[in-house]
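The chain contents come next:
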Amino acid sequence: IMCGIIGIASNKPVSINIINSLKKLEYRGYDSAGLATLNNNFIDEKKCSGRVVELEKILFKSPSNGNIGIGHVRWATHGVPNIINAHPHSSEEVSVVHNGIIENSDELKKDLEGQGFKFKSQTDTEVITVLVTKLLQNSKPLESVFKTLKKLKGSFALGIIFRNYSDIIIGARRGSPLAVGYSNEENYLGSDSYALKSMTNKISYLDDGELCVLTKNNVEFYDVNKKKINKKIYTVSDDENISDKGDYKNFMSKEIFEQSETIKKCLSEYTDSLKKDINIYNFPIEPKKINKIILIGCGTAYHSCLVAKYWLEELTTIDAEIDIASEFRYRNLKFNSNNLYIFVSQSGETADTAAALDICKKNNVKTCSIVNVVESTIARNSDWVLPIHAGPEIGVASTKAFLGQLIVLYILALKLSTIRGDTDKKIYSINLNNLKKLPEAIKNTFKLESEIQLIAKEFLDAKGSMFLGRGNSFPIALEGALKLKELSYLHAEGYPAGEMKHGPLALIEEGLPVIVIAPKDKYYEKTLSNTQEVIARGGKIFFITDNNKRLLSTNIRFRLKVPHVDNLLSPLLLTIPLQLLAYHVALLKNCDIDKPRNLAKSVTVE
Ligand code: AGP
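Residues numbered from 1 in each chain as written. Predicted model: local features only at pLDDT ≥ 70, side-chain atom pairs only at ≥ 80, totals over all residues. Heavy atoms only, no water.

**Some remarks on the site of the ligand**
Around the ligand, 13 residues are found, and the nearest of them are Ser345, Gln346, Ser347, Thr350 and Glu486. Here an oxygen atom of the ligand sits 2.7 Å away from a polar atom, N or O, in the side chain of serine 345. A distance of 2.6 Å separates an oxygen atom of the ligand from a polar backbone atom of glutamine 346. Protein chains bury 91% of the 410 Å² of accessible surface belonging to the ligand in isolation. Those elements that provide at least two residues to the shell around the ligand are α9 (299–315) and α17 (474–488). Class assignment of the residues belonging to the shell around the ligand gives a composition of four nonpolar, seven polar and two charged. (Near = heavy atom within 4 Å. Polar contact = N/O pair within 3.5 Å; in protein donor to acceptor, adjacent residues only side chain to side chain. Areas by Shrake-Rupley, 256 points an atom, 1.4 Å probe, with all protein chains shown as cover. Helix = DSSP H or I, 4+ residues; strand = E, 2+ residues; numbered from the N terminus. Nonpolar A, V, L, I, M, F, W, Y, C, P; charged D, E, K, R; others polar.)

What follows is the structure in structure tokens.
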């Protein structure tokens, strides 16, 4: 199960705070929700399918009064999203919330059913409930949890409460993130610090194999060998632009229009305008010794890796490779100590990306992570962290984080180009200077929104759409198509413009919307001729460029002009109209902007 977990041990009733935390966790998964509290030695469980607000209504009708409890929002992996499969999963004795996948749940379930145990749900999680219940018959809570974990294969973050031990919550982590929060007369368990931020900024993070026993005024940690350990307590920075949407109607629009600010902030973090230099130092490998960079990510983060490959090729003599994390982790890889492995991840918790990072660590190669959440698992496990400083991104469709990833990757490539002497000082300072124009150029790009609202209408009853680009516009075509898919549920395909004649041109028919991304760069003329090929088959062209020259052909349905910036930086601007297009098509279709169906913000399962 991929979801959000909360646990609270307090000196006062916890259900309201559990509900409020679950609302903050809803971006992680939101097809069902539930909580369980302990009320004079009785497990009071309440669950619902759908959103947390449904659970809140149930609590209004029949309040829960316990001072200790656990809560959960679910993104279904095993079992349909209904009330039976919602968490917590409780027996008479224990109640369990779980994030992750138990890979051997079927065999464990069969074994337990053979011993006469009954199951109510189709979930893998319930196996944990029944196992702990069984072992509790002749072991203390901590011992019964340890023994249970030894039987489990797969990943989990767990919160467990016990009917007969009404002052403790036990948490455990293997592969899925779990944090502990501290307050006075109250302690917390949570999937991430964001869920706990409204109650505390004192946070510890469990690492794989670790457990914690949490009461209202004490937390103990144990390692995989049941040895007591101490955990560092971080004071997590409270981002000013946190939680509320302000006067935006949803997080995604806030995050799109924040991009001018977030890019400006990121630039101020990495560039020193006095010294006219980039302040990136402490490379894990002597920069001149790096002979290859491998960039790894998923989804939108993977698209930023694709753009970075073009930059590294353009600016440095370093060989650049890219890979999708879920592919990388199963390859027969040849590791080299002069390779730098870069992991791009907004959440820093994506299971595929984290697993790919683990393989690199086991092979003793140097790793760098480019993340938005600096206290995340991927960041904590990397040799070197380059934050993107975009502030919490709540909308499931990644927007400001993508631009943040791009700008950090560009700055890194630029720094490498100069520190290695791959480009001369003059070009370096020109490239560095070009960065200053970005925040203003981004702001001017927002002015296209009203034209984009018109374009959006043309996608509503389209059978599908194509997004085409060459060079570093090709990854932007992929990103634009992904945005449209995940927000409006319409078929959309990003494709290299030069590849259309090798098959996909057969898809083009009268009126099919085709977005062509064509900045005035060295590919421009080639992309124009690909555009003609599409027009000749009746495709309806939406042409996005930064070129002032009007186009020859009349068959261009719409022409959007973004401000001109150096060709190396145009991917950042060309992305914005595509974010706005997907946003407006989704609005017209009444799709849920911040929480598209079937998705979750941070995919912490394989
Ligand atoms: C982005 O719009 C998508 N929702 C998704 O592809 C996301 O980029 C991907 O899951 C990677 O997430 P991460 O950046 O948190 O690792």
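**Observations concerning the nonpolar core**
Core analysis: the largest hydrophobic core is formed by 88 residues, its most contacted members being Trp311, Ile407 and Leu435. Considering every element that reaches this core, the biggest residue donor is helix α13 (residues 400–419), with 13 residues. With residues up to four places along the chain from it excluded, the contact list for isoleucine 407 reads Ile263, Cys266, Leu267, Leu435, Leu438 and Leu572. Counting residues in each nonpolar core, the second largest holds 27 residues, with Ile102, Leu142, Phe146 and Leu211 among its members. (Core = buried A, V, L, I, M, F, W, Y, C linked by side-chain atoms within 4.5 Å. Buried < 20%, exposed > 50% of the residue type's maximum accessible area, 1.4 Å probe, protein only. Contact = heavy atoms within 4.5 Å.)

**A word on the sheet that holds strand β20 (residues 339–345)**
Judged by pairing direction, the sheet is parallel, and its five strands sit side by side in the order β19-β18-β20-β21-β22 without closing on themselves. On the outer flanks of this sheet lie β19 (319–324) and β22 (384–387), each paired with one strand and no other. Put simply, the sheet's adjacent strands are angled 20° from each other on average, direction ignored. As judged from the four bridges shared by strand β21 (residues 366–371) and β22, these two strands associate in the parallel manner. (Pairing = 2+ DSSP bridges. Axes fitted to C-alpha atoms, helices over the stretch in contact; angles between N-to-C directions.)

**Some remarks on α9**
With 17 residues, α9 should cover 24 Å at 1.5 Å per step; its first-to-last C-alpha distance of 25 Å lies within 8% of that length. Most of α9 is tucked away: 12 of the 17 residues are buried. (Expected span 1.5 Å × (residues − 1).)

**Regarding the pattern of salt bridges**
On inspection of all chains with the given rule, the structure shows 31 salt bridges. In this structure, lysine 231 and aspartate 207 form a salt bridge, with 2.9 Å as the shortest nitrogen-oxygen distance. Note that lysine 231 is positioned in the loop between β14 (228–229) and β15 (234–235) and aspartate 207 in the loop between β11 (202–205) and β12 (211–215), a separation of 24 residues in sequence. The class of lysine 231 is buried, set by a relative accessible area of 17%. Each of the salt bridges in this network shares a partner with another, and the network as a whole consists of Asp207, Glu210, Lys231 and Arg380. (Salt bridge = Lys/Arg side-chain N within 4 Å of Asp/Glu carboxyl O.)

**Looking at the packing of α17 against helix α19 (residues 570–588)**
With their axes 8 Å apart at the nearest point, α17 and α19 run at an angle of 20° to one another. When the axes of α17 and α19 are compared, the pair comes out roughly parallel. In terms of crossing hand, the pair formed by α17 and α19 is right-handed. Contacts between α17 and α19 involve Ile476, Glu479, Gly480, Lys483, Leu484, Leu487 and Ser488 from the former and Pro571, Leu574, Thr575, Leu578, Ala582, Tyr583, Val585 and Ala586 from the latter. (Parallel < 35°, antiparallel > 145°, perpendicular 65-115°, else oblique. Left-handed = near helix turned anticlockwise from the far one by under 90°.)

**Notes on α19**
Its 19 residues place the ends of α19 28 Å apart at the C-alpha level, agreeing with the 27 Å of an ideal helix rising 1.5 Å per residue. Asparagine 590 occupies a position one or two residues after α19 and carries a positive phi of about 55°.

**Notes on the side chain of threonine 123**
Mapped onto the elements of the fold, threonine 123 is located in the loop between α3 (105–114) and α4 (125–135). Among the polar contacts listed, one links the side chain of threonine 123 to the side chain of histidine 89, at a separation of 3.4 Å. The residues touching threonine 123, leaving out its near neighbours within four places in the chain, are Arg74, His78, Asn85 and His89.

**Section: the environment of threonine 317**
Secondary-structure assignment places threonine 317 in the loop between α9 and β19. We classify threonine 317 as exposed; its relative accessible area is 58%. The sequence separation of threonine 317 and alanine 492 amounts to 175 residues, and the corresponding C-alpha distance is 35 Å. One polar contact links threonine 317 to arginine 420, side chain to side chain, over a distance of 2.8 Å.

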